[in-house]
Amino acid sequence: MDSIPDDAMIAQQVIRENRILSEKIAAALDCQEEDAAKSLREVLRFLYLVANHDAGMLTPSHRVDLAWHEFILCTRVYRDICNSLFGRYIDHHPGGSKESNLRQYQATLRFYQATYGLPDPAFWSSAQYTDSSCGGCEAV
């Protein structure tokens, strides 16, 4: 399966054109603004997995979820990116049981590895899931 062409470039462009998003992601993830584009790239990759796998809901890591929360609040940009890259708007669903979210997170990691190779542990790890304070956000 192909991945998003130039996902890093798209993330950098979105950050460049929406300076507030960079600031919001950096604050939410307690990272440097230079790392906001890397975070957004991981969000785009997660959304791509959601859009291209018929596995039901998928669950992101905590860090990816935090960046996704900030991205989705930029409603026009988020809607436009979803429509142009994924052909549809991708909804965010907080909730789900701990067990189902863990299964969904494990599926997300399998799809990620099959599509992109080994996930960056700074964004994707077991600790990133278990430390989640969101309560298990999902996308379908």
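Here goes a summary of the coordinates provided. (Residues numbered from 1 in each chain as written. Predicted model: local features only at pLDDT ≥ 70, side-chain atom pairs only at ≥ 80, totals over all residues. Heavy atoms only, no water.)

Below, the discussion takes up the pattern of salt bridges. All told, the structure shown has six salt bridges when counted by the stated rule. For Asp 7, the salt bridge is made with Arg 45, and the minimal N-O distance between the two is 2.8 Å. Highlighted residues: Asp 7 in helix α1 (residues 7-17) and Arg 45 in helix α3 (residues 36-52), separated in sequence by 38 residues. The residues Asp 7 and Arg 45 share a single accessibility class, namely buried. Linked through salt bridges whose partners overlap, the residues forming this network are Asp 7, Arg 41 and Arg 45. (Salt bridge = Lys/Arg side-chain N within 4 Å of Asp/Glu carboxyl O. Helix = DSSP H or I, 4+ residues; strand = E, 2+ residues; numbered from the N terminus. Buried < 20%, exposed > 50% of the residue type's maximum accessible area, 1.4 Å probe, protein only.)

We describe a pair of aromatic rings using the distance from one ring centre to the other and the angle between the two ring planes. Across all of its chains, the model carries eight aromatic pairs by this definition. Taking the centre distance of 6.3 Å and the plane angle of 70 degrees together, the rings of Tyr 48 and Tyr 116 count as edge-to-face. Of this pair, Tyr 48 sits in helix α3 while Tyr 116 sits in helix α6 (residues 98-116), placing them 68 residues apart in sequence. On the basis of relative accessibility, which here comes to 9%, the residue Tyr 48 falls in the buried class. With a relative accessible area of 16%, Tyr 116 lands in the buried category. (Phe/Tyr/Trp six-rings, centres within 6.5 Å; stacked < 30°, edge-to-face > 60°.)

A few words on the packing of helix α4 (residues 62-72) against helix α5 (residues 75-86). Direction vectors running N to C along α4 and α5 enclose 105 degrees, while the axes themselves pass 7 Å from each other. Here α5 runs roughly perpendicular to α4, going by the angle between their axes. On the side of α4, the interface is formed by Trp 68, Phe 71 and Ile 72, while α5 contributes Thr 75, Val 77, Tyr 78 and Ile 81. In terms of residue class, the contact of α4 with α5 is made up of six nonpolar, one polar and no charged. (Axes fitted to C-alpha atoms, helices over the stretch in contact; angles between N-to-C directions. Parallel < 35°, antiparallel > 145°, perpendicular 65-115°, else oblique. Contact = heavy atoms within 4.5 Å. Nonpolar A, V, L, I, M, F, W, Y, C, P; charged D, E, K, R; others polar.)

For Thr 108, the location among the structural elements is in helix α6. Among the polar contacts made by the side chain of Thr 108, one reaches the main-chain carbonyl oxygen of Thr 59 at a distance of 3.0 Å. (Polar contact = N/O pair within 3.5 Å; in protein donor to acceptor, adjacent residues only side chain to side chain.)

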